[in-house]
Amino acid sequence: MNRVYNFSPGPACLPLKVLEKAAGEMTNYNNSGMSVMEMSHRSKIYEEIIAETQSCLREVMGIPDNYKVLFLQGGASLQFAAVPMNLMNNSGKADYVITGQFSKAAFDEAVKYGGAKIIASSKDENFTYIPEITPDIITPDADYLHICENNTIFGTRFNKLPEVINNIPLVADVSSCILSQPMDVSKYGLMYAGAQKNMGPSGLTVVIVRDDLIGKARESTPKVIDYKIQSENDSMINTPPCYSVYIAQLVFKWLRDDIGGLENMRKINIEKANILYDFIDNSELFKNPVKKEFRSIMNVTFVTGDKDTDAKFIKEAAGAGLVTLGGHRLVGGMRASIYNAMPTDGVKALVEFMKKFESENK
Ligand SMILES: *Cc1c(COP(=O)(O)O)cnc(C)c1O
């Protein structure tokens, strides 16, 4: 069977070149006589793999030297708890902006550990916009301010970062937007992302954290999510997600060598998103509910307004090799996730199919 265009929100499609490279090395990596999956994480050859993965990510993102990169497990969801356990330990307060399901889940974990407070929310309009964060709503002595930068389910994104006050560290869940465009890492205290949207297979969680925020974890923090212990042990206090780290390295090299870096990636992503949004905006059948200035360039939601027509669309699209277009169970409708690895041709094929479907279902 031919490969399909897979619009899955995650785990998501990977660059074909990466998969083929991994396939070629599957049973014998670099003359080691074994698969990366079979290697001891304490072996020299694996230590080189994890070190090179980190240096590739640092290079591609331009991560400053005063930030540590950690390769952890447990997904973004474990960071919902790891962040307060590690950081909410001075005033014991933290501010949360609720822009969808994942930021609410992060808040729900944080309340277990201290004074987490919702300072803004877009729930009133079903998360179709990003609320304004003005300095007066920020808790002056908060240990951090948490946002979810791209909202995978609702298809919104922060088009600018909130201005924090009193040097409060900005903490961002960037699971579904990391590497989609250049980011000024120095504006964040900490960012975290599950790998399975834009970096590789699930099982790997990347945490990028400023040095001065390390070493504040409360006593009860498990070692595997204690940023100090993990950074002192090169993310290997226990077995890391070895194979996912290796695939992520191939993805970082693909971004660097084939795409030519994040500025190029951004141009491609904006072009892809524009193709889709322009069509939707001119369509009589499909609509996108998000306020234009907050539209995600990674997750594009759309509806016909009729449940049966939505279901018919998803089914027929799958028949045409355009798969995983169903919206999240919370919102229904459709969602096309067009992460880095989705080629422009995939988006064009989707738009062609939408045109045809629209003409047949007037
Ligand atoms: C997918 C996703 C999550 C959940 O990630 P897990 O790795 O499954 O825990 C959290 N936040 C955002 C923004 C996501 O897109």
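The coordinates are above.
Residues numbered from 1 in each chain as written. Predicted model: local features only at pLDDT ≥ 70, side-chain atom pairs only at ≥ 80, totals over all residues. Heavy atoms only, no water.

Residues and numbers for the overall build of the chain, please.
Looking only at helices and strands, the chain features 9 helices and 13 strands. Taking 362 residues into account, the globule formula puts the C-alpha radius of gyration at 21 Å, and the chain, at 21 Å, falls close to it. By principal-axis analysis of the C-alpha atoms, the chain measures approximately 60 × 60 × 30 Å. Per-residue burial over the chain gives 54% buried out of 362 residues. Intrachain contacts of the chain at a sequence separation of at least 6 include 68% that bridge at least 24 residues. Accessible surface, the chain as shown: approximately 15600 Å² in total, 49% of it carbon and sulfur. (Helix = DSSP H or I, 4+ residues; strand = E, 2+ residues; numbered from the N terminus. Rg over C-alpha atoms; globule rule 2.2 N^0.38 Å. Buried < 20%, exposed > 50% of the residue type's maximum accessible area, 1.4 Å probe, protein only. Contact = heavy atoms within 4.5 Å. Areas by Shrake-Rupley, 256 points an atom, 1.4 Å probe, with all protein chains shown as cover.)

Run through the nonpolar core, naming residues and quoting values.
Counting 62 residues, the largest nonpolar core has L57, M61, L179, I208 and Y246 as the members making the most contacts within it. Among the elements that line this core, the one with the most residues is helix 6 (residues 242-259), at 12 residues. If sequence neighbours within four positions are ignored, Y246 has contacts with K21, A22, E25, Y29, V36 and I49. By size, the runner-up hydrophobic cluster in this structure holds 30 residues, among which are I338, M342, V351 and F353. (Core = buried A, V, L, I, M, F, W, Y, C linked by side-chain atoms within 4.5 Å.)

I'd like a rundown of the layout of surface pockets, residues and numbers included.
Each pocket or cavity is described by its volume, and for the largest pocket that value is around 520 Å³. Looking at the largest pocket, it is lined by 27 residues, and the ones nearest its centre are L161, L170, D184, K187 and Y188. Of the residues contributing to the lining of the largest pocket, the split by class is 13 nonpolar, 7 polar and 7 charged. (1 Å grid on protein atoms, 1.4 Å probe; cavity = no way out; pocket = protein on both sides within 12 Å on 5 of 7 lines; lining within 4 Å. Points joined across faces, edges and corners; volume = space filled by probe spheres on them. Nonpolar A, V, L, I, M, F, W, Y, C, P; charged D, E, K, R; others polar.)

An account of the side chain of H41 is requested, with residue identities and associated values reported.
Structurally, the position occupied by H41 is in the loop between helix 1 (16-24) and helix 2 (44-61). Judged by relative accessible area, which is 14%, H41 ranks as buried. A distance of 3.3 Å separates the side chain of H41 from the side chain of R42, its partner in a polar contact. Those residues within four positions of H41 in sequence are excluded, and the remaining contacts are Y46, E47, M236, N238, T239, P240 and C242. (Polar contact = N/O pair within 3.5 Å; in protein donor to acceptor, adjacent residues only side chain to side chain.)

For the sheet that holds strand 9 (residues 190-194), give the residues involved together with the corresponding values.
Here we have 7 strands laid out as an open sheet, ordered 2-10-9-8-5-3-4, and mixed in their pairing. Either end of the sheet is taken by a strand with one partner, and the two such strands are strand 2 (67-72) and strand 4 (115-121). Sheet twist, expressed as the average angle between the axes of neighbouring strands with direction ignored, equals 20°. The pairing of strand 3 (residues 93-98) with strand 4 spans 6 bridges and is parallel. When the sheet's bridge partners are listed, K93 is paired in strand 4 with G115. (Pairing = 2+ DSSP bridges. Axes fitted to C-alpha atoms, helices over the stretch in contact; angles between N-to-C directions.)

Lay out the environment of K17 with the relevant residues and their values.
By the secondary structure assignment, K17 is in helix 1. For the pair K17 and W254, spaced 237 residues apart in sequence, the C-alpha separation works out to 7.9 Å. Aside from chain neighbours lying at most four places away, what touches K17 is W254 and D258. In terms of polar contacts, K17 uses its side chain to reach the side chain of D258, at 2.6 Å.

I'd like to hear about the site of the ligand, residue by residue, with values.
Near the ligand, the surroundings consist of 13 residues, among which S77, T152, D173, Q196 and K197 are the closest. At 2.4 Å from an oxygen atom of the ligand is found a side-chain nitrogen or oxygen belonging to T152. The side chain of D173 places a nitrogen or oxygen atom 2.6 Å from a nitrogen atom of the ligand. Taken by itself the ligand offers 390 Å² of open surface, and the protein chains cover 85% of this. When grouped by side-chain class, the residues that make up the shell around the ligand number 4 nonpolar, 7 polar and 2 charged. (Near = heavy atom within 4 Å.)

Which residues make up the state of the cysteines, and what values go with them?
Under the criterion given, the structure shown has 0 disulfides. Free of any disulfide, C56 has its nearest cysteine sulfur in C242, 17 Å distant. A relative accessible area of 2% places C56 in the buried class. Distance from the sulfur of C177, which forms no disulfide, to the nearest cysteine sulfur (C148) is 7.5 Å. Accessibility expressed as a relative area gives 8% for C177, which makes it buried. (Disulfide = S-S within 2.5 Å.)

Describe helix 6, naming the residues involved and giving the relevant values.
Taking 1.5 Å of rise per residue, 18 residues should cover 26 Å, and helix 6 covers 25 Å from first to last C-alpha, within 8% of that figure. Buried residues dominate helix 6, accounting for 14 of its 18 residues. G260, located one to two residues past helix 6, shows a positive phi value of around 90°. (Expected span 1.5 Å × (residues − 1).)

Break down the pattern of salt bridges for me, with residues and values.
Opposite charge on two side chains permits pairing when their charged atoms draw close. Tallied over the full model, the rule gives 21 salt bridges. Across the pair E125 and K291 runs a salt bridge, and its minimum N-O distance is 2.7 Å. A residue pair is termed long-range when its members are at least 10 positions apart, and E125 in the loop between strand 4 and strand 5 (145-148) and K291 in the loop between helix 7 (262-282) and strand 11 (299-302) qualify at 166 residues. Residue class for E125 comes out partly exposed when judged on its relative accessible area of 39%. You can call K291 partly exposed: its relative accessible area is 34%. Between E232 and K228 there is a salt bridge; the shortest N-O distance is 3.2 Å. Linking E232 with K228, this pair stays in helix 5 (residues 227-232), spanning 4 residues, or about one helical turn. What makes E232 exposed here is its relative accessible area of 53%. Taking the relative accessible area as the measure of exposure, K228 reaches 38% and is therefore partly exposed. (Salt bridge = Lys/Arg side-chain N within 4 Å of Asp/Glu carboxyl O.)

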